[in-house]
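Architecture at a glance
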Amino acid sequence: MNRIGTSGLQLNEKLIFEHSDSGRCGYSLPKLDVPAVSLPEQMIRTEVAGFPEVSEIDVVRHYTRLSTWNYGVDSGFYPLGSCTMKYNPKVNEAAARIAGLADCHPYTPGHLSQGALELMFHLQTALAEISGFAAVTLQPAAGAHGELAGMLMVRAWHEAKGSRRSKVLIPDTAHGTNPATAALCGYDVVPIESGGSGVLTAETVAQFMNDDVAALMVTNPNTLGLFESDIKKICEIVHAGGGLVYCDGANLNALMGIARPGDMGIDVMHFNLHKTFSTPHGGGGPGSGPVGVAKKLIPYLPKPVVVQNKTEYKLDFDRPESIGRLRSFYGNFGIMVRAWAYILSMGSDGLKFASQMAVLNANYIRARLAAVYHLPHQHRSLHEVVFSDANLPNDCHTLDLAKRLIDYGYHPPTIYFPLVVKGAIMIEPTETESKEILDEFCDAMLAIAKEAAENPDLLHAAPTLTRVGRLDETAAARQPCLSWLPEGL
Ligand SMILES: *Cc1c(COP(=O)(O)O)cnc(C)c1O
């Protein structure tokens, strides 16, 4: 960087090593009032030279500037589909920081952690009520981990009956974690096509159902944002054939207070607390993916199970048919506190309203953009809407649109997913966005479509207002350069 002036907030930031100046340091100590001694030679590090020598304010400014490089839902609209990036009310964070909860050690004996156990018990009970299941475990640490828990329970249920089925049916509208989970549990995946409507039909499932099928895994609403309207009949067909139905419940944000998967005949389903229940997205581990089960799967729940014994709450380890423990201690307690705070502060009417607004917002975007962007499926959307780039002219594609949105100040939506739509653009506005925000976003989408027709280079060159321009995405993913090595190493 050779320009004159400060690096500012919008420009590139030097590495902390490049801020270094020999002899500068970030502390000052009072004058020595004891005799000075030299450190023993063997304790002095010699092999790495060149650590940054910076003042405290250099460090604070450097990291504060870097922190502004993150785009988050707290800094702007984040329309990523399939992820439910809704705003998380800060009151949940305040609850999770209450000292008695935040400082509660997992080894605290049961009689001294009644409050924590009671909170977990209430959260389980609330999730069971919201989803229509007989019991819920909070142990899994993410949605995909919940899928693993659920499918291990499916396998245990079949094994207990002495049956050795080898196949799991998965429609093409499922999330990619579903086939991965089935394979991890030792099953062969049988992909089934949803067909042109984007919704699975009972007839298709009947064609594939046989006595080697252990389960159907279905995402509902599916990854096209469509409700699987045949779900009750589909469950009946799978049950009649001796199988179980797993529901990927990551999209429960569309259903709360309106419909319950347990009532549809689903046997087992995971929740993503970080999507529906307003907890931080956890990078695939430090989150929570509770699992709800129908009565017949209760014996197989991962242990321990939080139970209420008269007025006392405890962890029940005496579960001989359990699939075993899935997580150290009992999962990520801090996440459970946030989800419980969210459920309590919303109440049942609030949760229902959230789902209604999530669906309304997705359909609003759909209605405003459908005249310009191609809509591959005609069924009414639930919480998200999937367009394609089929209408974009002049060799402009989904990736160009996504990059151009960055220049307009938006995080791009999910792109090229689900795979059943070529050039998919998947938008999930969530209930937390106002009409004004949705209108601004739609205006940007429409302006970009106009640019594609009149000045397509604007799309092909985007983003141009960012610190770095368009990256070689393959190289960035395959050969990421994430570390700095001191000279000579
Ligand atoms: C997010 C998601 C998952 C995976 O959940 P994680 O918590 O990210 O592991 C599974 N299925 C669907 C439909 C999802 O949207």
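1. Digging into the overall build of the protein
The helix and strand tally for the protein stands at 14 helices and 12 strands. On the principal axes, the C-alpha backbone points of the protein span a range of 80 × 70 × 45 Å. Within the span of the protein, comprising 489 residues, buried residues form 47% of the whole. Looking at the protein alone, contacts between residues at least 24 apart form 71% of all its contacts between residues at least 6 apart. Put simply, the protein shows about 24400 Å² of open surface, and 56% of that area lies on carbon and sulfur atoms.

2. Quick word on the nonpolar core
Leu127, Leu216, Ile266, Phe277 and Ile343 are the most contacted members of the largest nonpolar core, which totals 57 residues. Considering each element in turn, this core owes the most residues, 12 residues, to helix H10 (residues 333-369). Taken together, domain 1 (90-345) and domain 2 (348-471) each give at least three residues to this core, which thus spans both. Setting aside its immediate chain neighbours within four residues, Phe277 contacts Leu127, Ile130, Leu252, Met256, Phe271, Asn272, Ala339, Tyr342 and Ile343. Within the second largest apolar cluster, 28 residues are counted, among which are Ala149, Trp157, Val168 and Tyr300.

3. Digging into the sheet that holds strand E4 (residues 213-219)
Pairing is mixed in the open sheet, where 7 strands are placed in the order E1-E7-E6-E5-E4-E2-E3. Looking at strand neighbours, the two that pair on one side only are strand E1 (135-137) and strand E3 (188-192), the edges of this open sheet. Each strand axis lies, on average, 20 degrees off the axis of its neighbour in the sheet, ignoring direction. The pairing of strand E5 (residues 244-248) with strand E6 (residues 268-270) spans 3 bridges and is parallel. Across the sheet, residue Cys247 finds its bridge partner in E6, namely Met269. Docked against the sheet, helix H5 (residues 143-160) engages strand E2 (167-171), E4, E5, E6 and strand E7 (291-293), running at close to 175 degrees with respect to E5.

4. Things to note about the domain arrangement of the protein
Domain parsing of the protein yields domain 1 (90-345) and domain 2 (348-471). Computed from C-alpha atoms alone, the centre-to-centre distance between domain 1 and domain 2 is 30 Å. Contact residues are listed per partner, giving 25 residues for domain 1 and 21 residues for domain 2. For the pairing of domain 1 and domain 2, the buried interface totals around 1800 Å² over both sides, and the portion due to carbon and sulfur atoms is 64%.

5. Here we look at the site of the ligand
Inspection of the region around the ligand gives 13 residues, with Ser82, Gly143, Ala144, Asp248 and Lys275 positioned closest. Interatomic distance of 2.8 Å between a backbone N/O atom of Ala144 and an oxygen atom of the ligand. A distance of 3.3 Å separates a nitrogen atom of the ligand from a polar atom in the side chain of His175. Relative to its free-state accessible area of 380 Å², the ligand is covered by the protein chains to the extent of 88%. Breaking the shell around the ligand down by element, the ones donating at least two residues are H5 and helix H9 (273-276). When residues in the shell around the ligand are grouped by element, the largest group, 3 residues, is from H5.

6. Description of a nonpolar patch on the surface
Taken together, the side chains of Val59, Tyr63, Leu66 and Trp69 present a nonpolar region at the surface, about 340 Å² in accessible area. When its relative accessible area of 31% is taken as the criterion, Leu66 is described as partly exposed.

7. Thoughts on the pairing of strand E9 (residues 312-316)
The pairing of strand E8 (residues 305-309) with E9 spans 5 bridges and is antiparallel. The residue of E9 that forms the bridge with Val307 is Lys314. Two successive antiparallel strands, E8 and E9, enclose a turn made up of 2 residues, where Lys310 displays a positive phi of approximately 55 degrees.

8. With respect to the packing of H10 against helix H12 (residues 435-454)
Contact geometry for H10 and H12: axes closest at 10 Å, N-to-C directions at 30 degrees. As for how H10 packs across H12, the hand of that crossing is right-handed. For the pair formed by H10 and H12, the contact residues are Asn361, Tyr364, Ile365, Arg368 and Leu369 on the first element and Lys435, Leu438, Asp439, Phe441, Cys442, Asp443, Met445 and Leu446 on the second. Across the contact of H10 with H12, the residue classes break down as 8 nonpolar, 1 polar and 4 charged.

9. What to know about unusual backbone geometry
Cis peptide bonds are those with omega within 30 degrees of zero, and the linkage from Phe417 to Pro418 qualifies with 0 degrees. As for its placement among the helices and strands, Pro418 is situated in the loop between strand E11 (414-415) and strand E12 (424-427). Of note in the backbone geometry, Phe329 takes a positive phi value of approximately 50 degrees without being a glycine. For Phe329, a relative accessible area of 37% translates into the label partly exposed.

10. A word on the pattern of salt bridges
In this structure the tally under the stated criterion is 22 salt bridges. The partner of Arg260 in a salt bridge is Asp263, with the nearest N and O atoms 2.8 Å apart. Among the ionic pairs, Glu454 bridges to Lys450, the shortest N-O distance being 3.9 Å. Of the two residues, Glu454 and Lys450 both sit in helix H12, 4 residues apart, roughly one turn of that helix. You'll find Glu454 and Lys450 in the same group, each marked exposed. Among the ionic contacts, a cluster of salt bridges with common partners joins Arg368, Lys435, Asp439 and Asp443.

11. Points about helix H11 (residues 398-407)
Across the 10 residues that make up H11, a large majority, 8, are buried. Within H11 the residues assigned to the buried category are Thr398, Asp400, Leu401, Ala402, Lys403, Arg404, Leu405 and Asp407. On the buried face of H11, the contacting elements are E11, E12, H12, helix H13 (457-461) and helix H14 (473-478). Gly409 sits one or two positions beyond H11 and adopts a positive phi of about 95 degrees.

Reading the values: rules and limits
- Each residue is numbered by its place in its chain's sequence as written, counting from 1.
- Under the rules for a predicted model, residues below a pLDDT of 70 receive no local features and side-chain atom pairs below 80 are neither given nor counted, while totals for whole chains, interfaces and linings still include all residues.
- With hydrogens and water set aside, each side-chain value is computed from the structure's full complement of heavy atoms.
- Numbering of helices and strands runs from the N terminus; a helix is a DSSP stretch of H or I covering at least four residues, while a strand is a stretch of E covering at least two.
- Burial status follows relative accessibility: with a 1.4 Å probe on protein chains alone, a residue under 20% of its type maximum counts as buried, one over 50% as exposed, and anything between as partly exposed.
- In what follows, a contact means two residues having at least one pair of non-hydrogen atoms within 4.5 Å.
- Areas reported here follow the Shrake-Rupley algorithm with a probe of radius 1.4 Å; residue values treat only the protein chains shown as occluding.
- By convention a nonpolar core is built from buried Ala, Val, Leu, Ile, Met, Phe, Trp, Tyr and Cys residues, the set being connected through side-chain atoms within 4.5 Å.
- Segment limits for the domains were obtained from an automatic or database-derived domain assignment.
- In short, DSSP must find at least two bridges between two strands for them to pair.
- Angular values range over 0 to 180 degrees, each being the angle between N-to-C directions of two axes fitted as lines to C-alpha atoms, with helices fitted over their stretch in contact.
- Accessible area, probed at 1.4 Å, shrinks when two parts are joined; the buried area is that loss added up over both.
- We call a residue near a molecule or strand whenever a single non-hydrogen atom of that residue lies within 4 Å of it.
- Whenever two N or O atoms come within 3.5 Å, that pair is a polar contact, provided that in protein one can donate a hydrogen and the other can accept it, and provided that, for residues adjacent in sequence, both atoms are side-chain atoms.
- Patch membership requires over 30% relative accessible area and the absence of a salt bridge. Like charges are linked within 9 Å, and nonpolar side chains (Val, Leu, Ile, Met, Phe, Trp, Tyr) within 5 Å.
- Salt bridges are identified by distance alone: a Lys or Arg side-chain nitrogen within 4 Å of an Asp or Glu carboxyl oxygen.
- Left-handed describes a crossing whose near helix is turned anticlockwise from the far helix by less than a right angle; the clockwise case is right-handed.
- Amino acid classes used here: Ala, Val, Leu, Ile, Met, Phe, Trp, Tyr, Cys and Pro are nonpolar; Asp, Glu, Lys and Arg are charged; the rest, including Gly, are polar.

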